[in-house]
Amino acid sequence: MMKYGSWKYKELKMIKQRHRLVPLRKLRKPSAKQVKTGALRRWWKFGFSEGQLTKVKLSFSILIAIVALVSTLLTLLKIYASDEETFKRYADRVVAWHYKTHMWNGYFSSSFEGMVNIAELNLSDSTMQLALQTSGNTIDGGMSEKKLCGIYPPQDFKLVRGAIAHFGNSADIQIFDIVQGYTKIYAEFTLRHDDLVLEVTPKRNSRWFGGETARLVQHPESTMDVGFKKMEGVCKDENAQHREVGKRIYDKLVRKGAVDRR
């Protein structure tokens, strides 16, 4: 008769054989350092990195620009050697294009009759007028404004001089006059273009003129001479007062016998 322990041992052995324990495989994350060594490099890199390739392209672009510039200069020198007048004409065109000369010539004011969209320009309620003419990057002309009429001697306009910044988007001007042989500067302004509108901003040393920016419109097809004609009579009231004061002083001197009446 089989013993109980022997029977139990055989039964357990049969159960283990039917249900084998399968060991679990350990899953490992792929290493970031593993790189496919067999990957072929793209043929257009020629062993360069992306950064080096960008530098090479930039160098070629700069080289092409230098060659184009040298070629242009040689062409201009050739034109200059053969015909100075033609060279000057081309040079003036280049300068006028660089400084946007056409935007700075003409007559500027705060009103323009006949312009349909005048309200959209948001022009200033100002008596300021400018008559400008440019040569290269140099500005000349005149300015009239009622505040300037109070400066002795009263004149319809004061002179303007200034310079246009590179690419022609802004300029700096001085308002001056010649008094007893000396240049007297009254105010300085910065000019900026907003399409047809010219923005005139007083500099820090000219705040007596007002702190706000004046917006003036450029009159198409106008010239500096047209502007000076428009300025005539701006200070007529101040001139009349000045003549009246001068006449009273003169009559007083005649009564005292200091001068003879002419």
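Above this text is the structure in question.
Bear in mind that the values here come from a model prediction, so they are computed numbers and not experimental data.

Criteria and thresholds
Residues numbered from 1 in each chain as written. Predicted model: local features only at pLDDT ≥ 70, side-chain atom pairs only at ≥ 80, totals over all residues. Heavy atoms only, no water. Helix = DSSP H or I, 4+ residues; strand = E, 2+ residues; numbered from the N terminus. Buried < 20%, exposed > 50% of the residue type's maximum accessible area, 1.4 Å probe, protein only. Pairing = 2+ DSSP bridges. Phe/Tyr/Trp six-rings, centres within 6.5 Å; stacked < 30°, edge-to-face > 60°. Lys NZ or Arg CZ within 6 Å of the ring centre and 35° of its normal. Disulfide = S-S within 2.5 Å. Patch = residues over 30% accessible without salt bridge, like charges linked within 9 Å, V, L, I, M, F, W, Y side chains within 5 Å. Areas by Shrake-Rupley, 256 points an atom, 1.4 Å probe, with all protein chains shown as cover. Salt bridge = Lys/Arg side-chain N within 4 Å of Asp/Glu carboxyl O. Expected span 1.5 Å × (residues − 1). Arc of directions from axis to C-beta. Axes fitted to C-alpha atoms, helices over the stretch in contact; angles between N-to-C directions. Contact = heavy atoms within 4.5 Å.

A.B. asks: Hey, could you go over unusual backbone geometry for me, with residue numbers and the actual values?
C.D. replies: The amide bond that connects tyrosine 152 to the next residue, proline 153, takes the cis arrangement and shows omega of -10°. Assignment of secondary structure puts proline 153 in the loop between helix H4 (146-149) and strand S4 (158-164). If you check the backbone angles, lysine 100 has positive phi at about 50° while not being a glycine. For lysine 100, the location among the structural elements is in the loop between helix H3 (84-99) and strand S1 (106-109).

A.B. asks: Could you give an account of the pairing of strand S3 (residues 138-144), with specific residues and numbers?
C.D. replies: Summarising burial for S3: five of the seven residues are buried, a large majority. Examined bridge by bridge, strand S2 (residues 129-135) and S3 share seven bridges and lie antiparallel to one another. Along S3, the bridge assignment pairs threonine 134 with isoleucine 139. A loop of two residues connects S2 with S3, the two strands running antiparallel in sequence, and glycine 136 in this loop sits at a positive phi of about 70°.

A.B. asks: Explain the packing of aromatic side chains to me, using residue names and the numbers behind them.
C.D. replies: With the rule as written, the count across this model stands at three aromatic pairs. Where tryptophan 208 meets phenylalanine 209, the ring centres are 5.0 Å apart and the plane angle is 70°; that geometry is what we call edge-to-face. A cation sits over an aromatic face here: arginine 161 above phenylalanine 176, 4.8 Å from the ring centre.

A.B. asks: Give a detailed account of the pairing of strand S6 (residues 182-194), specifying residues and quantitative values.
C.D. replies: Bridge analysis of strand S5 (residues 170-179) against S6 gives 10 bridges, and the strand direction is antiparallel. Considered in S6, the bridge of serine 170 is made with arginine 192. Linking two consecutive strands that pair antiparallel, namely S5 and S6, is a turn of two residues; a positive phi of about 50° is found at glutamine 180 within it. Where S6 meets strand S7 (residues 197-202), six bridges bridge the pair, whose relative direction is antiparallel.

A.B. asks: Which residues make up the state of the cysteines, and what values do they have?
C.D. replies: Under the definition given, this model contains one disulfide. Shown here is the disulfide that connects cysteine 149 with cysteine 235, its sulfur atoms set 1.8 Å apart. Classification of the bridge connecting cysteine 149 and cysteine 235 rests on its S-S torsion, roughly -75°, and on that basis the disulfide is left-handed. Here cysteine 149, found in helix H4, pairs with cysteine 235, found in the loop between helix H5 (224-231) and helix H6 (236-256); they are 86 residues apart in sequence, far enough to count as distant. Like cysteine 149, the residue cysteine 235 is buried in the burial classification.

A.B. asks: How would you sum up a nonpolar patch on the surface? Please name residues and give values.
C.D. replies: Taken together, the side chains of Leu58, Ile62, Ile66, Val70 and Leu74 define a hydrophobic patch exposed on the protein surface, amounting to about 460 Å² of accessible area. When you line up the elements, valine 70 lands in helix H2 (residues 50-82). What makes valine 70 partly exposed here is its relative accessible area of 41%.

A.B. asks: Residue-level account of the pattern of salt bridges, with values.
C.D. replies: In this structure the tally under the stated criterion is seven salt bridges. For arginine 215, the salt bridge is made with glutamate 199, and the minimal N-O distance between the two is 2.7 Å. A residue pair is termed long-range when its members are at least 10 positions apart, and arginine 215 in strand S8 (residues 214-218) and glutamate 199 in strand S7 qualify at 16 residues. Look at glutamate 199 and you get partly exposed, because its relative accessible area is 23%. Here glutamate 244 makes a salt bridge to arginine 248, at a shortest N to O gap of 3.8 Å. With a gap of four residues between them, glutamate 244 and arginine 248 both fall in helix H6, about one helical turn apart. Each of Asp194, Glu199 and Arg215 takes part in salt bridges that share partners, so that together they form one network.

A.B. asks: Quick rundown of H6? Include the residues and the values.
C.D. replies: With 21 residues, H6 ought to run about 30 Å at 1.5 Å a step, and its terminal C-alpha atoms sit 31 Å apart, in line with that. Burial in H6 covers these residues: Asn239, Asp251 and Val254. Within H6, the buried residues cover an arc of 105° as seen down the axis, which keeps them to one side. Of the exposed residues in H6, those oriented more than 90 degrees away from the buried face are Gln241 and Lys256.

A.B. asks: So what about the sheet that holds S2? Which residues, and what values?
C.D. replies: The strand order S1-S2-S3-S4-S5-S6-S7-S8 describes a closed barrel built from eight strands, whose pairing is antiparallel. Adjacent strand axes in the sheet meet at a mean angle of 30°, parallel and antiparallel pairs treated alike. This element, H5, spans S1, S2 and S3 of the sheet and lies at about 160° to S2.

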